[in-house]
Amino acid sequence: MPFVSQIKRQTDYNLYSSTTPIVIDNGASNFRIGWAGENDPRVIFRNIVQRPRHKTTGETVSIVGDHDTTLLKYFDCSRSGPRSAFDSNVVYQFEIMEYILDFGFDRLGANGSEIDHPVLITECILNPVQSRSKMAELLFETYGVPSVAFGVDAAFSYKYNQQHGICDKDGLAICPGFTTTHVIPFIDGEPVYKGCSRTNIGGYHVTDYLKQLLSLKYPHHMARLTWEKVEDLKMEHCYIATDYASEARLFQKGTKEAEEKTRCWQLPWVPPPVEEPPSEEEIARKAAIKERQGQRLREMAEAKRSTRINELENQLRGLEFLLQQLEQVEESEIPFFLKDTGYVSRQEIETALAKATQSLRKVKGEPKGEQAEVEEKTDEKYPLVNIPDNMLTQDQLREKRRQMFLKTTSDGRQRAKQKRVEEDLERERKNQLDEQKRLENPELYLGEMRTKYKELCEKVEQRKRLKTNGNHSNGNGMSGGVGRGERLNAAQRERMRLLTTAAFDRGKGEDNFGAKDEDWQLYKLMSKDNDDDDEGPDEDETELARVSSRLQEIDATFVPKPEPGPSQSAADMPRSRPLTKEDFQILLGVERFRCPEILFHPNLVGIDQAGLDETAGVSMRRLSSKDQVLEERLTNSILMTGGSCLYPGLSERLEAGIRMIRPCGSPIKVVRALDPVLDAWRGASLYAAAVQFPQQTFSRMDYFEKGEDWLRGYQFQYTL
């Protein structure tokens, strides 16, 4: 606190004598404190206490009232939320109340060891004696006040407005507060407490309901929907609908009038930078860079190929020279001769020569040899394959079966390798033809390639959908859920047919499956697990990959479609988009009147109690069920006070509700207080400044002599 401000408050405090009362409006929402006789309270703050820990030192501090965001960023508030001294509208946590009174007296300037001023403090209607006695004990024994007076806030507001001609001596005071709503009848200027009514609904429930609705509607903006901000949105945008059902239908139909009544709260949003499409010069520059990079890669590959050819040729010449020398060496001296060469025998040198020759042909791109040479090598490698079985022994037969298995596997690998070579040659041929077409007319060629890519994408996606759904749909062009049997390919369906046939034949009579040779052939067919052999490779997918690769080479702006995952189809892939200004808008439509409607229908939030209009009717019936004149006098002056009566349309809705429970032609007049929020404190300040006020106080001597029993019958007199 600044030093100058402390001097000013202490000076203001010294201006008042010890007989000047201190007026406290102790509301469940706000705490207001000031001097008697003044028009406005000196200090106003929220009636809450929070005790967070410092993030660095771990020290616990007490924060009273409104939160200072610049201060709370240094504290950990996750384990200590705001706490109130009230349970509904009754004070029951006096440890918290002591923090609040300390803060209020200090801000007022009364920071001495004792408070030597009388205190007038407000309370709820028919406050329990336990709460009143604890409050008196706190003020007398902790702060040492000389005397205390207790009064009802709604009664002070009614009397204050009565003196200004807003309401009559006979009437009703309807006070929708923070947690409760009270209705107090007034007869001849005095409140009649036996006719009071209370409903446990108030501004707190309206704010909480609005916060829940907005959190469900905008879950990604929950961090911004703080209690304070929702409270501001409620007071700024909410209103009471004259006819709730018709207003709800208006928003349900989405009419123009509903759009006009919708309010928008724009959250902070920074638009992303706009990415302009590349110009023709930029595209040409990137294409030239890509071409130069490709040329460098081709040159590097050619240099590497030349180096490899030279190495293989030198190796071949060395091996051939070594073989020539071996021809001049005797057989017994060959191991000694090959000791320093790294080879063990002539066969190893010949094998290395054959491998080097094959590698050289592969690097040069030459064919791998004649078919006769291949057959000759095959005969040398598998000599028993072509010999009849009757000319072989048992060991040779076993070796023949092994050689046949190896030969079959080797032939399969050779066929697959030859097929890949043919596919590569075919792909290269197509690329050469495409390059010729592109050079003749680049624009036409690019358009044709894009059209072909689009058609192939659609065809491949359609094939995948049909494969997933078994060539079935749900009737509207969308793929529907099917069983496993409808997703089988041709080979799988054939095996299922064979199994079904075998099972059907088996059930007809005796189980003799396997007695015939054809049964075992059927068994082999059923046990085959080559599902995709009958379908072969997908030519469309191969062509799509080639076209996509080709478009990436010739078009710098081309972006291929992403491939869907194994458990996700292309139609189900999430499509991300950049966030726009509309994504950071909080729209208040039906919530504007739906939340305050709980004042008239508390059952909307699960509270089984009466609304404002019904509560007013209950209070009138409690006074007299036969005195129609008294009821007319009461309904002719209905004052609304309290913070929750600031909604537009509340007066008209309350008047219409009370008219429904009154006889036709009864006079009904609903008015709002001059200042529904501060009139209670102003009325209390006016009464505390009167000459008769000391006679209505409860002194410290009375407290020690009479005790709690005298507080039980204590009642403030509002006629001065």
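Criteria and cut-off values
- Residues numbered from 1 in each chain as written.
- Predicted model: local features only at pLDDT ≥ 70, side-chain atom pairs only at ≥ 80, totals over all residues.
- Heavy atoms only, no water.
- Helix = DSSP H or I, 4+ residues; strand = E, 2+ residues; numbered from the N terminus.
- Contact = heavy atoms within 4.5 Å.
- Areas by Shrake-Rupley, 256 points an atom, 1.4 Å probe, with all protein chains shown as cover.
- Salt bridge = Lys/Arg side-chain N within 4 Å of Asp/Glu carboxyl O.
- Buried < 20%, exposed > 50% of the residue type's maximum accessible area, 1.4 Å probe, protein only.
- Polar contact = N/O pair within 3.5 Å; in protein donor to acceptor, adjacent residues only side chain to side chain.
- Patch = residues over 30% accessible without salt bridge, like charges linked within 9 Å, V, L, I, M, F, W, Y side chains within 5 Å.
- Lys, Arg positive; Asp, Glu negative; His and termini not counted.
- Charge placed at Lys NZ, Arg CZ, Asp CG, Glu CD.
- pLDDT = per-residue confidence, 0-100.
- Pairing = 2+ DSSP bridges.
- Axes fitted to C-alpha atoms, helices over the stretch in contact; angles between N-to-C directions.

> Lay out the overall build of the protein chain in plain terms, naming residues and giving numbers.
From N to C terminus, the protein chain includes 25 helices and 20 strands. Considering only residue pairs separated by 6 or more positions, the protein chain has 67% of its internal contacts joining residues 24 or more positions apart. Carbon and sulfur atoms form 51% of the exposed surface of the protein chain, whose accessible area is close to 43900 Å².

> Please provide a residue-by-residue account of the pattern of salt bridges, values included.
As a working rule, side chains carrying opposite charge can pair if their charged atoms are close by. Scanning the entire structure with this criterion turns up 22 salt bridges. Residue Arg298 is joined to Glu291 by a salt bridge in which the shortest nitrogen-to-oxygen separation is 3.3 Å. Judged by its relative accessible area of 48%, Glu291 is partly exposed. With its nearest N and O atoms 2.5 Å apart, the salt bridge here joins Glu631 to Arg662.

> Summarise the side chain of Thr635; cite the residues concerned and give the values.
Mapping Thr635 onto the fold places it in helix H21 (residues 628–635). For Thr635, a relative accessible area of 0% corresponds to the buried category. Among the polar contacts made by the side chain of Thr635, one reaches the main-chain carbonyl oxygen of Pro667 at a distance of 2.9 Å. Those residues in contact with Thr635 that sit more than four places away from it in its chain are Met620, Ile658, Arg662, Pro667, Ile668 and Lys669.

> Go over a positive patch on the surface with me, naming the residues and quoting the values.
A contiguous patch of positive charge on the surface is contributed by Arg51, Arg53, Arg79 and Arg83. Mapped onto the fold, Arg53 is located in strand E5 (residues 53–54).

> Hey, could you go over unusual backbone geometry for me, with residue numbers and the actual values?
Backbone geometry at Leu126 places phi at a positive 50°, although glycine is not the residue there. With respect to the element layout, Leu126 can be found in the loop between strand E10 (119–123) and helix H4 (129–142). A positive phi angle, near 55°, is found at Asp188, a position not held by glycine. Mapped onto the fold, Asp188 is located in the loop between strand E13 (181–187) and strand E14 (190–191).

> Give a detailed account of the confidence of the model for the protein chain, specifying residues and quantitative values.
Residues at a pLDDT of 70 or more form 82% of the protein chain, whose mean pLDDT is 81. Segment residues 471–486: pLDDT under 50, and 14 contacts once partners within four positions in sequence are set aside and those in other chains are kept.

> Please set out the sheet that holds strand E11 (residues 147–152) residue by residue, giving values where relevant.
The mixed open sheet is built from six strands, whose spatial order is E3-E2-E1-E10-E11-E20. This sheet does not close on itself; its edge strands, each paired only once, are strand E3 (43–46) and strand E20 (698–699). Both strand E2 (residues 30–35) and E3 contribute to a ladder of four bridges, which runs antiparallel. The partner of Ile33 across the bridge, within E3, is Val43. Packed onto the sheet, helix H23 (residues 679–688) meets strand E1 (22–26), E2 and E10 and runs at close to 150° relative to E1.

> Tell me about the environment of Ile661, and please be specific about residues and values.
Summarising the element assignment, Ile661 is placed in helix H22 (residues 650–661). Here the alpha-carbon distance between Ile661 and Glu614, two residues 47 residues apart in the chain, equals 8.1 Å. Leave out the neighbours within four places in its chain, and Ile661 touches Asp613 and Gly617.

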